[in-house]
Amino acid sequence: MAGENQKHQLHIFFFPFLAHGHMIPTVDMAKIFASRGIRATIIVTPLNVPLISRSIKESIDLGLPINVLPIKFSSQEHGLPEGCENADSMSSPSLFPAFLKATTMLQEPLEQLLQEHNPDCLIAGSFSPWATDSAAKFGIPRIVFHGTGFFPLCVNESIILHQPYKDVESDSDPFVIPNLPGTEIQMTRMVLPYYVMTVEDNFVSKLIKAAKQSEVTSFGVVVNSFYELEGIYADHYKKVLGRRAWNIGPVSLCNRDNKEKSYRGKQASMDARDCLKWLDSKKPDSVLYICFGSRSDFTEPQLKEIAMGLEASGQNFIWVVRERKKNKEEQGGDIDQDQGWLPEGFEKRMEGKGLIIRGWAPQMLILDHESIGGFVTHCGWNSTLEGVTAGVPMVTWPVSAEQFYNEKLVTQVLRIGVPVGVKKWVPVVGDYIEKEAIVKAVKEIMEGEEAEEMRKRTKKLASIAREAVEEGGSSYCDFNHLIEELEGLSK
Ligand code: UDP
């Protein structure tokens, strides 16, 4: 038994939504808690355990109190293909509702783990609104992790509350996001996620509603952001919208050495040392990095258009392309993976100038290299923040989810990027963008005075981000407030 003066060591359960865009920042968060002496246990399904184990190995070797626990899950029982335990392994976006439904079946096994391990708090992804009740059964607080920043949270809430999309006649008419502080933001119905507008009560829209509701019914929300990036929206979220929230990011900054930076998410398809060697051979700020996150999977004509755009832009580049599984399966196995989507002789012509990574890239390692001068991104929240912390201007190319909100933050609020010109929310495959638009946007962030100004602004934010997570910084202090509150509860 602990002596009277011995402080109780907090133990926190982390239960992320099973997608890389949620698991990666959750693991970073757990590492931060562990680095401050708090016991962190990450709960994921069996097939995700090796990914997490690899990411936390360095922390474990340092003796930090962090571990991963498997939770029972059978994908086939829920009508999903065998081994489908991660949104990334879904063969088609149409499986997403079934995947979400399957994750609700994790409630009972999660409660068993809560009973066995008796943690002090449960930090769970927003797609598990039921986790608030589960935590309550064991008398502990549940904290929500959405995986996005304050700006997108505020824009989304404004759209739900005020329904401004009802005031316009056509899908392409712009409307202003009401009751939002700062820069006026306009959007169209075409770029809104269907679930913020839908009146239909299907499983997904009900789940999203419940997820929003759990912001209010749970203990609060942890946000992967820093106050100096989007302070007026953090204040709006807390003071006007009345949410309890703590900004503790950018959480990716807990990864300090090259190993940690390259062990996030999946096994990289290119050796980190080879990547660095290639980047070392380039001048500072001279390489463009192109990646559309863990879930986007563009059509072959779009990939070809990107290839032509990159070649015409004249820039050095590293381009990450998802593995072309469909191509192989559809065309009977052993075929040239690149058939159909790369212009004839493209890689030969690009030798020494451009690199294609097929599969998974060590993104953080690449972005942080001094030769990277620009980032073409789909504006997932993690990528956006990683672009900021790397100090690189961005070409914004949103695809779906809340990515169109993030685009506005980058291009209009922070003014550290330019839009490629996407007009429509289209999950996974995205809206079609032509070569000319790609060349124009890429040049705007890589060349000329405007690009230099954007680069300066981003580099400044990158240095402020680092200060935010150091002792005495805004995120460091907010983290302390959260811990003090949790310690107060567990006494
Ligand atoms: N990522 C990576 N390598 C890749 C693709 C993605 O390391 O080839 C990481 C990226 O650094 C980020 C996360 O995966 O941390 C993707 O999250 P984001 O919110 O940007 O997009 P999502 O995948 O959720 O759409």
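Per an unreviewed UniProt entry, the protein chain goes by Glycosyltransferase and derives from Acacia crassicarpa. Per its UniProt entry, the protein chain bears the Sequence similarities (unreviewed entry) comment "Belongs to the UDP-glycosyltransferase family."

Draft legend 1. Quick peek at the sheet that holds strand β10 (residues 287-291). Strands sit in the order β12-β11-β10-β13-β14-β15 across an open sheet of 6 strands; the sheet is parallel. Edge positions in the sheet fall to β12 (354-358) and β15 (417-419), since each of these pairs with one other strand and no more. On average, each strand axis in the sheet is inclined to that of its neighbour by 15°, with strand direction left out of account. With 5 bridges joining them, β10 and strand β13 (residues 372-377) adopt parallel strand pairing.

Draft legend 2. Molecular detail of the nonpolar core. Core analysis: the largest hydrophobic core is formed by 138 residues, its most contacted members being Phe14 and Tyr289. If one sorts the elements of this core by residue count, helix α1 (residues 20-35) sits on top with 8 residues. The residue makeup of this core includes at least three contributed by each of domain 1 (11-253 + 467-490) and domain 2 (268-323 + 339-465). Once residues within four sequence positions are removed from consideration, tyrosine 289 is found in contact with Ile318, Ile366, Leu367, Ile372 and Phe375.

Draft legend 3. Representation of the site of the ligand within the structure. Of all residues adjacent to the ligand, which total 19 residues, the nearest are Gly21, Gly293, Ser294, Gly380 and Ser383. Secondary structure elements with two or more residues in the shell around the ligand: α1, α15 (363-367) and α16 (381-390). Tallying contributions element by element places α16 first for the shell around the ligand, with 4 residues. Residue composition of the shell around the ligand, by class: 7 nonpolar, 9 polar and 3 charged. When residues are assigned to domains, the shell around the ligand turns out to be shared by domain 1 (11-253 + 467-490) and domain 2 (268-323 + 339-465), each giving three or more.

Here is what the cut-offs are and how they apply
- Residues numbered from 1 in each chain as written.
- Predicted model: local features only at pLDDT ≥ 70, side-chain atom pairs only at ≥ 80, totals over all residues.
- UniProt positions renumbered as here; feature names shortened; annotations may be inferred.
- Pairing = 2+ DSSP bridges.
- Helix = DSSP H or I, 4+ residues; strand = E, 2+ residues; numbered from the N terminus.
- Axes fitted to C-alpha atoms, helices over the stretch in contact; angles between N-to-C directions.
- Core = buried A, V, L, I, M, F, W, Y, C linked by C-beta atoms within 7 Å.
- Buried ≥ 20, exposed ≤ 12 C-beta atoms within 10 Å, placed from the backbone.
- Domains from an automatic or database assignment.
- Contact = placed C-beta atoms within 7 Å.
- Near = placed C-beta within 6 Å.
- Nonpolar A, V, L, I, M, F, W, Y, C, P; charged D, E, K, R; others polar.

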